[in-house]
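Examining the three-dimensional arrangement
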Amino acid sequence: MELTAIQKITVYALPIIFAITVHEAAHGYVAKHFGDLTAYKQNRISLNPLRHIDPIGTIVLPALTVLLGGVLFGWAKPVPVNFMNLRHPKKDMLWVAAAGPFSNLIMAIFWAILFGRSAYFPESMSLFVQQMGIAGISINLSLMVLNLIPLPPLDGGRIAVSLLPNHLAYKYAQVERYGFLILIILLMTHMLDLFIFPLIQISQSLILWIFA
């Protein structure tokens with residue numbers, strides 16, 4: 001069933017807000033675990049979306065991509081992390097960076113379980129729960145796959161920097177100053193679609209098969 005613009009926004013609103021904000025909170029929580037209290041001191045380790053929402057990145061851009069189609073793109077207010085405060089900065093950076101995509105995977109599984117249990121809801125709500133479940137799965141998997149692209153400052157880029165030998169890691173980290181521009185170009189030219197969409201579709205089918 002084709003959804004109207006208002007129905008799409010209603011179905012996607014909660015999954016988008018929590019997918020983006022929990023992603024950021026996860027970074028702060030893991031950073032605290034490994035010794036950096038920056039986010040903790042600024043009260044950013046929270047599941048309260050109001051502490052993470054960026055009006056443009058969390059609301060306007062995701063809404064536009066949902067309505068117009070394409071890869072979901074958006075962001076929350078970045079959780080501050082001082083990697084030099086980590087007990088082992090280069091090694092621990094991997095876990096801090098991976099926490100965001102991993103949180104999206106967990107949320108995708110949650111939405112898949114909800115989708116699979118939609119029949120237990122009253123008939124008037126069942127279809128809405130199904131649609132929100134599918135939205136939650138696709139949104140979280142989109143953010144997970146997108147953020148795992150090995151391009152600084154994306155999480156995948158920080159993971160790559162953590163894993164590379166020191167001399168290569170330093171050089172690769174310098175890409176960060178151009179990373180956002182490169183990402184925008186890749187998204188606008190649809191070059192990322194060639195591997196992002198297949199990965200999202202395979203992951204979604206697998207998660208639905210296992211958990212729904």
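Please refer to the structure higher up on the page.
Residues numbered from 1 in each chain as written. Predicted model: local features only at pLDDT ≥ 70, side-chain atom pairs only at ≥ 80, totals over all residues. Heavy atoms only, no water.

1. A few points about the overall build of the protein chain
When helices and strands are counted, the protein chain shows 9 helices and 0 strands. Going from N to C terminus, the protein chain has its helices and strands arranged as α-α-α-α-α-α-α-α-α. Against the compact-globule benchmark of 17 Å for 212 residues, the protein chain has a radius of gyration of 18 Å, which places it among compact chains. In terms of overall dimensions, the protein chain has C-alpha extents of about 60 × 40 × 35 Å along its principal axes. Per-residue burial for the protein chain yields a buried fraction of 45% across its 212 residues. In the protein chain, 13 positive and 9 negative side-chain charges are present, and the distance between their average locations comes to 11 Å. (Helix = DSSP H or I, 4+ residues; strand = E, 2+ residues; numbered from the N terminus. Rg over C-alpha atoms; globule rule 2.2 N^0.38 Å. Buried < 20%, exposed > 50% of the residue type's maximum accessible area, 1.4 Å probe, protein only. Lys, Arg positive; Asp, Glu negative; His and termini not counted. Charge placed at Lys NZ, Arg CZ, Asp CG, Glu CD.)

2. Description of a nonpolar patch on the surface
A surface patch of nonpolar side chains, amounting to about 620 Å² of accessible area, comprises I9, I56, I59, V60, L64, L67 and L68. Here the nonpolar patch takes 6 residues from helix 3 (residues 55–68), the largest share from any one element. By the element assignment, I59 lies in helix 3. (Patch = residues over 30% accessible without salt bridge, like charges linked within 9 Å, V, L, I, M, F, W, Y side chains within 5 Å. Areas by Shrake-Rupley, 256 points an atom, 1.4 Å probe, with all protein chains shown as cover. Salt bridge = Lys/Arg side-chain N within 4 Å of Asp/Glu carboxyl O.)

3. Considering the environment of A169
Within the secondary structure layout, A169 lies in helix 7 (residues 166–173). Counting along the chain gives 11 residues from A169 to R158, while the straight-line C-alpha distance between them is 9.3 Å. Not counting chain neighbours up to four residues away, the residues in contact with A169 comprise K90, V161 and L164. (Contact = heavy atoms within 4.5 Å.)

4. Structural notes on unusual backbone geometry
The omega torsion of the bond from P152 to P153 falls at 10°, within 30 degrees of zero and hence cis. Along the chain, P153 turns up in the loop between helix 5 (123–147) and helix 6 (155–163).

5. Side note on the packing of aromatic side chains
Per the stated rule, a full pass over the model turns up 1 aromatic pair. With a centroid separation of 5.2 Å and an interplanar angle of 70°, the aromatic rings of F110 and W111 are classed as edge-to-face. Directly above the aromatic system of Y40 lies the positively charged group of K32, at a separation of 5.0 Å from the ring centroid. (Phe/Tyr/Trp six-rings, centres within 6.5 Å; stacked < 30°, edge-to-face > 60°. Lys NZ or Arg CZ within 6 Å of the ring centre and 35° of its normal.)

6. Digging into the packing of helix 5 against helix 9 (residues 193–211)
Close contact between helix 5 and helix 9 brings their axes to 9 Å; oriented N to C, the two are set at 135°. Here helix 9 runs oblique to helix 5, going by the angle between their axes. Considering the relative orientation of helix 5 and helix 9, their crossing is right-handed. Between helix 5 and helix 9, the residues in contact are I134, I137, S138, L141, S142, V145 and L146 and I196, L199, I200, S203, Q204, I207 and L208, respectively. Classifying every residue of the contact of helix 5 with helix 9 by side-chain character gives 10 nonpolar, 4 polar and no charged. (Axes fitted to C-alpha atoms, helices over the stretch in contact; angles between N-to-C directions. Parallel < 35°, antiparallel > 145°, perpendicular 65-115°, else oblique. Left-handed = near helix turned anticlockwise from the far one by under 90°. Nonpolar A, V, L, I, M, F, W, Y, C, P; charged D, E, K, R; others polar.)

7. Describing the environment of R117
When you line up the elements, R117 lands in the loop between helix 4 (89–116) and helix 5. For R117, a relative accessible area of 40% gives the class partly exposed. Spatially, the C-alpha atoms of R117 and V129 are 8.8 Å apart, while their sequence positions differ by 12 residues.

Shape is all these values report; function is a separate question.
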